[in-house]
Amino acid sequence: MRIIILGAGRVGESVAESLVSEQNDITVIDPDPERLRALEDRLDLRGVPGNGIQPSVLQSAGIQDADLFIACASLDETNLAACKVAKSQFGVQTTIARLRSEEFEEGSDLLGAQGFGVDHVICPEESVMQTVHQLIEYPEALQILKFSEGLAYLIAVRAEYGGLLVNHTIGEFKSLFPNLQMRVVAVYRQDTEVELNSQTQVLHGDEVFVLAEKSTIRHVLRAIHKDDRQVLRVMIAGGGKVGLRLARSLVGKCEVKIIERDRKRCTYIAGDLPSSTLVLAGDATDEDLLTDENVKEMDLFIALTNDDEDNILASMLAKRLGARRVIALINRRIYAEMMQGGAIDITFSPAQTVIGELLVHVRRGSVAAVHSLRRGAAEAIEGVARGDARSSRLVGKRVEQIELPEGARFGVVVRGEGEAAQVLMPHHDLLIEPEDHVIIFVPNKRLLRAVERLFELKATFF
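The structure displayed is predicted, hence computed values, not measured ones. (Residues numbered from 1 in each chain as written. Predicted model: local features only at pLDDT ≥ 70, side-chain atom pairs only at ≥ 80, totals over all residues. Heavy atoms only, no water.)

**Q** So what's going on with the sheet that holds strand β6 (residues 120–122)? Residues and values would help.
**A** Read across the open sheet, the six strands follow the order β3-β2-β1-β4-β5-β6; overall the sheet is parallel. Strand pairing shows two members of the sheet lacking a second neighbour, β3 (46–49) and β6, which therefore form its edges. Pairs of neighbouring strands in the sheet enclose a mean axial angle of 20°, with direction left out of account. Both strand β1 (residues 2–6) and strand β4 (residues 68–71) contribute to a ladder of four bridges, which runs parallel. For I3, the partnering residue across the bridge sits in β4 and is L68. Each of β4, β5 (94–98) and β6 is contacted by helix α13 (residues 350–359), which is oriented at about 165° to β6, the strand it contacts most. (Pairing = 2+ DSSP bridges. Helix = DSSP H or I, 4+ residues; strand = E, 2+ residues; numbered from the N terminus. Axes fitted to C-alpha atoms, helices over the stretch in contact; angles between N-to-C directions. Contact = heavy atoms within 4.5 Å.)

**Q** Could you give an account of the pairing of strand β2 (residues 25–30), naming the residues involved and the relevant values?
**A** Within β2, five of the six residues are buried, which leaves it mostly tucked inside the rest of the structure. In the sheet, β1 pairs with β2 via five bridges, with the strands oriented parallel. Its bridge partner being in β2, I3 is matched across the sheet by I26. Sheet topology note: the β2/β3 ladder contains four bridges and is parallel. By the bridge assignment, V28 is partnered in β3 with G47. What joins β2 to β3 is helix α2 (residues 33–42), and the crossover it makes is right-handed. (Buried < 20%, exposed > 50% of the residue type's maximum accessible area, 1.4 Å probe, protein only. Right-handed = clockwise from strand over helix to strand, strands pointing away.)

**Q** Explain the environment of D299 to me, and be specific about the residues and the numbers.
**A** Among the structural elements, D299 can be located in the loop between α10 (287–292) and β15 (300–303). Measuring from C-alpha to C-alpha, the distance between D299 and V234 comes to 6.1 Å, with 65 residues separating the pair along the chain. If we skip the residues at most four places from it in the chain, D299 touches R229, Q230, V231, L232, R233, R324 and R325. At 3.5 Å, the side chain of D299 and the side chain of R324 are in polar contact. (Polar contact = N/O pair within 3.5 Å; in protein donor to acceptor, adjacent residues only side chain to side chain.)

**Q** An account of helix α11 (residues 308–320) is needed here, citing residue identities and associated values.
**A** Over its 13 residues, α11 runs 18 Å from end to end, which matches the ideal 18 Å to within 8%, given 1.5 Å per residue. When α11 is considered as a whole, its buried residues turn out to be D308, D310, N311, I312, A314, S315, L317 and A318. Packed against the buried residues of α11 are α10, β15, β16 (326–329) and α12 (333–339). In the stretch just after α11, G322 is the one whose phi turns positive, near 115°. (Expected span 1.5 Å × (residues − 1).)

**Q** Could you give an account of the environment of R415, naming the residues involved and the relevant values?
**A** Relative to the elements of secondary structure, R415 occurs in strand β20 (residues 409–415). For the pair formed by R415 and S148, sequence separation is 267 residues and the distance between their alpha carbons is 9.7 Å. In terms of polar contacts, R415 uses its side chain to reach the backbone carbonyl oxygen of L431, at 2.8 Å.

**Q** Explain the sheet that holds strand β22 (residues 437–442) to me, and be specific about the residues and the numbers.
**A** With antiparallel pairing, the five strands of this open sheet are ordered in space as β18-β19-β22-β20-β21. In this open sheet, the two strands that pair with only one neighbour each are β18 (367–373) and β21 (422–424). Within this sheet the neighbouring strands show an average axis-to-axis angle of 15°, counted without direction. Sheet topology places β18 next to strand β19 (residues 378–384); six bridges connect them, and they run antiparallel. Looking at the pairing, H371 lines up with A380 of β19.

Pasting the structure below:
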């Protein structure tokens, strides 16, 4: 696809990096030529310096031939104006805007064709908040991803001593829980994927990916990890947009403390939040402050400042001082990879939380949802089986008759909608019907095109 990205900040850079790796034709617009040069040196893309809301700049970037325009500059007003110009003057088919404000809702008349011409909205801050909420609800998990409007979930969990799966094979796990609607789709050991079959043994420390219906999530987590106590006390390092939004959402659910370095910002936060939330002026990497505020009693410590190094140091310090679980927001990929499997329990970036929302519009075929896994190395795709036995590569075929690229695996099949919906395990004799939602785990991006082709209609001749 020909994709134009406005803004070479942290989100724009991460989006470009993910999309470039799939051989898309990427152009990035940013007013800072030096930042663009650094991107061009590192990635196979083209940079266009200038103001992205000016038609001349958009035209020099090739907007007239673009399939997708993604506006992720730092200001909402810039992204709104750019989408309006791209849609109205150049007729771009799909426009996506990063909007921080909660007042702009996707599908509203204000953003529609007669308004700003925004087809889809992404909000990394909202995505971060939702990610943390899932991790609070299921504290044993490393990652919880939703498919088919919440009917099915992909769960990443680290196997721990005390979990029933540890030192057992996948086949034994199924026999231990014959009525559990779940399917193990991948096991990673020391950052390397383990060949998966019924004889694969799961060891302590392995990262296990499981697809399951919502009602079985807790059973799956307890079986692999072990029981974990509820998150009741949370400490947030950083009172910026993400930290404040998260604190607001936790009011009445958890006991929350926020540490913010800027005293003026502290005053604003304290006025915005109820008195039950404690706002502390100080440095989250200050050992004395964390000790005085009983970080050792925290169920969750989460570092959400704008500085990767501060987030890493604060999280590692909180863990050493006794915090039960720590999460760090890390934008730089190399830092996130270095922290993998270390003292920090979970690392993620705002861009990675929204990349799946963008990939839905890049994937070919009838793709309903995409989730990026393992910092973009793998994906889980939910596609819809369209057509009939003649025009579809899925409809009318049993699972055993469908040729997946080597390494890709069926997860679950969701059939029907609403209360009548069923989550089906893809046994060898399951027949795929029209409109079935098929979820496939793809361990390597090189396999994506072959998987996408399954959800495309074949050319038929009459």
